[in-house]
Amino acid sequence: MVDDEHHPKAIITQQSLLIAIANTNDFDSLLEASCDLVTMPITTARDSMIIEDAITLINQEQAKNLVIIEESAQLCGLVTHSDFVNSYANMFVDTKENI
């Protein structure tokens, strides 16, 4: 979720949405409860941050998601804890294959 200037303010995660869907049969009530699904505050990182610093930040903040922003603080992307794990797993496999 972003403000009028595209600055990130909150996120709704896939996990919180799936839990809400599983707990209701009524789509209208799901929409009404969407405020309860919002994750705030968010953890942000600049798009120029190196991956090691991003991993340190996400671990320090005990966050599952890292909202990536540009220099102007506008939303640029989202990286999840799983993205970091998968990235390092792929690097490990690639390194092992090249040995």
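Before reading further, recall that the structure is shown in the block above.
Computed from a predicted model, the values in this text were never measured in an experiment.

Caption draft 1: Quick peek at the pairing of strand S4 (residues 65-69). S4 sits mainly inside the fold: five of its five residues count as buried. Burial along S4 is two-sided: Asn65, Val67 and Ile69 and Leu66 and Ile68, pointing in opposite directions, are all buried. Sheet analysis places strand S3 (residues 44-46) next to S4, joined by three bridges and oriented parallel. Of the residues in S4, the one forming a bridge with Arg46 is Ile69. As for the winding sense of the linkage, the β-α-β connection from S3 through helix H3 (residues 51-60) to S4 is right-handed. Judged from the five bridges that link them, S4 and strand S5 (residues 75-80) form a sheet pairing that is antiparallel. Bridge assignment links Asn65 to a residue of S5, and that residue is Thr80. Here S4 folds back onto S5, and the loop between the two strands holds five residues, one of which, Ala73, carries a positive phi near 70°.

Caption draft 2: The arrangement of the pattern of salt bridges in detail. Per the counting criterion, the structure on display carries two salt bridges. Between Lys9 and Asp3 there is a salt bridge, and its shortest N-O distance comes to 3.8 Å. In this structure Asp3 comes out as partly exposed when scored by relative accessible area, which is 24%.

Reading the values: rules and limits
Residue positions are counted from 1 within each chain, in the order its sequence is given. The model is predicted, so local features are restricted to residues of pLDDT at least 70 and side-chain atom pairs to those at 80 or more, both for listing and for counting; the totals for chains, interfaces and linings are taken over all residues. As a rule here, side-chain values cover all heavy atoms of the structure and leave hydrogens and water aside. Burial status follows relative accessibility: with a 1.4 Å probe on protein chains alone, a residue under 20% of its type maximum counts as buried, one over 50% as exposed, and anything between as partly exposed. The secondary structure listing takes helices from DSSP runs of H or I that are at least 4 residues long and strands from runs of E that are at least 2 residues long, numbered from the N terminus. When DSSP locates at least two bridges between a pair of strands, those strands are taken to pair. The handedness rule is simple: strands pointing away from the viewer, and a clockwise path from the first strand over the helix to the second, make the crossover right-handed. Here, a salt bridge means any Lys or Arg side-chain nitrogen found within 4 Å of an Asp or Glu carboxyl oxygen.

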